[in-house]
There are 2 protein chains.
Amino acid sequence: MKTAVKSAEKPTTGTRERIVRATSRLLQRQGYEGTGIKQISREAEATLGSVYHFFPGGKQELAAEAIRHGDEEFAVLLRAGLGSSEDLAEAVTACTTLLARELRASDWQDGCPITSTALETVGRAPVIEQAVAEAFANWRAIVEERLRAAGIGPEDSRELAGTVISTLEGAELAAQLARSEEPLHASGRHLARLLSTYRP
Amino acid sequence: MKTAVKSAEKPTTGTRERIVRATSRLLQRQGYEGTGIKQISREAEATLGSVYHFFPGGKQELAAEAIRHGDEEFAVLLRAGLGSSEDLAEAVTACTTLLARELRASDWQDGCPITSTALETVGRAPVIEQAVAEAFANWRAIVEERLRAAGIGPEDSRELAGTVISTLEGAELAAQLARSEEPLHASGRHLARLLSTYRP
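Rules used throughout
- Residues numbered from 1 in each chain as written.
- Chains lettered and ligands numbered in written order.
- Predicted model: local features only at pLDDT ≥ 70, side-chain atom pairs only at ≥ 80, totals over all residues.
- Heavy atoms only, no water.
- Contact = heavy atoms within 4.5 Å.
- Buried area = accessible area lost by both parts, 1.4 Å probe.
- Salt bridge = Lys/Arg side-chain N within 4 Å of Asp/Glu carboxyl O.
- Polar contact = N/O pair within 3.5 Å; in protein donor to acceptor, adjacent residues only side chain to side chain.
- Helix = DSSP H or I, 4+ residues; strand = E, 2+ residues; numbered from the N terminus.
- Nonpolar A, V, L, I, M, F, W, Y, C, P; charged D, E, K, R; others polar.
- Buried < 20%, exposed > 50% of the residue type's maximum accessible area, 1.4 Å probe, protein only.
- Least-squares fit on C-alpha atoms with pLDDT ≥ 70 in both.
- 1 Å grid on protein atoms, 1.4 Å probe; cavity = no way out; pocket = protein on both sides within 12 Å on 5 of 7 lines; lining within 4 Å.
- Points joined across faces, edges and corners; volume = space filled by probe spheres on them.

Tell me about the interface of chain A and chain B, and name the residues and values.
On the chain B side, the residues contacting the 41 residues of chain A number 41 residues. Of the roughly 3400 Å² buried between chain A and chain B, counting both surfaces, carbon and sulfur atoms make up 58%. Ranking the residues of chain A by area buried against chain B places Leu119, His190 and Arg193 of chain A at the top, with a combined share of 18%. At the junction of chain A with chain B, the criterion picks out four salt bridges. The salt bridge involving arginine 189 of chain A is made with glutamate 159 of chain B; its shortest N-O contact spans 3.1 Å. Counting every contact that joins chain A to chain B gives 13 residue pairs in polar contact (both at pLDDT 80 or more). Among the secondary structure elements, those contributing two or more residues to the side of chain A that touches chain B are helix H1 (13-30), helix H6 (115-120), helix H7 (126-149), helix H8 (154-178) and helix H9 (182-196) of chain A. Take the side of chain A that touches chain B: its biggest share by element is 12 residues, from H8 of chain A. A breakdown of the residues in the side of chain A that touches chain B according to their chemical character gives 14 nonpolar, 16 polar and 11 charged.

Lay out the environment of leucine 26 of chain B with the relevant residues and their values.
Residue and element names in this part refer to chain B. Relative to the assigned elements, leucine 26 resides in helix H1 (residues 13-30). You can call leucine 26 buried: its relative accessible area is 8%. Through-space distance from the C-alpha of leucine 26 to that of alanine 66 is 9.9 Å; in sequence the pair is 40 residues apart. If sequence neighbours within four positions are ignored, leucine 26 has contacts with Gly31, Thr35, Gln39, Ile40 and Glu43.

Tell me about the relation of the copies chain A and chain B, and name the residues and values.
Superposing chain A onto chain B requires a rotation of 180° together with a translation of 0.0 Å along the rotation axis, leaving an RMSD of 0.0 Å. What we have between these two chains is a two-fold relation. Here 100% of the interface residues in chain A have copies in chain B that are interface residues too; the copies meet face to matching face.

Provide a residue-level description of empty space enclosed by the protein, including the pertinent values.
Counted by the stated rule, this structure contains four cavities of 30 Å³ or more. Taken as a whole, the largest cavity encloses approximately 150 Å³ of empty space. What lines the largest cavity is a set of 18 residues, among which Thr115, Glu169 and Leu173 of chain A together with Thr115 and Leu173 of chain B lie closest to the centre. Each residue belonging to the lining of the largest cavity can be placed in one class, and the counts come to six nonpolar, eight polar and four charged. By volume, the second largest cavity is sized at about 60 Å³. Along the walls of the second largest cavity sit Thr163, Thr167, His190, Leu191 and Leu194 of chain A together with Thr163, Thr167, His190, Leu191 and Leu194 of chain B, which together make up its complete lining. Listing elements by their share of the lining of the second largest cavity, those giving two or more residues are H8 and H9 of chain A together with helix H8 (154-178) and helix H9 (182-196) of chain B. For the lining of the second largest cavity, a count of residues per class yields four nonpolar, six polar and no charged.

So, in structure tokens, the structure goes:
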């Protein structure tokens, strides 16, 4: 908060939001090491002063916030898909359908907003690692709750939730690289089939 | 091949191998944008002249070659795991066990050598995209062949092979980020269970 900001360009919450979105987009498309604060400031149409005003911790803090933003976006999608049907198989394939639709709508550019940054900073940025761990834990908890609501036992629900998230991650990557919805749709059908073997 | 190389530092196949391995390691740990040719040359203990001698196409060509190297490494692991048992469930869990062991042995550093670079270069580097597409196609073909040999129909084998690779990718990422073998072991058990529902 020590950065001087001229009153004429006083940062607003709109500015903060733009900075987080620009960071998220840049991290997704060119990775953590390839993204600099100046580029974030340009893309967000915000002054460097604003960027440091909101994120005095610099690039690590920005990346962690972008990851929390991506965490919430994916959580919203998961809740929408999983809550869309009483039938567990339909609910799971709704998630892969939503993911496929969003990916196609972004012209295959906006995949998981976390993967690249997480991989590049393994063991090197505790603030980022914590945000990544929280995101995965959040997603797993949403799936676990839905599986338990469908009558699957607690231990199985916990383990399966991890595999559901892993499979969605991997299938989204495959769909993005192949520019095709098919890997997501196939994974949705397979997950639905796997889960059906656990129904009481 | 136009780069002049002094006879005293004539590049050898050992040099080429070192360059590819260094590129692979750097891409894995800091991504494509964050990796420069000079750093590759330093890490590989090779002159810049050697690097351009072997890879006149520069960073894109180097990255594509590193991806082919990672392609073959993962193919070797898949063939070893899938060929380790007549029983399909055991063969699949052998793959996740091997992956977990290698990941732990690298202190959770060496995950999929392709993901980061592939994501960062989506739509921007045809040479890299082609190497990535070939790697995924190669892995899927290895799994598909094993599923057909186990008596699963051609159409199901093809679709399931994609989901097996996606799930291994996602579980490896989760294991790496959590520094735990468990996501891989759980996914192995779940994949084995899914595949068992297709047995004739």
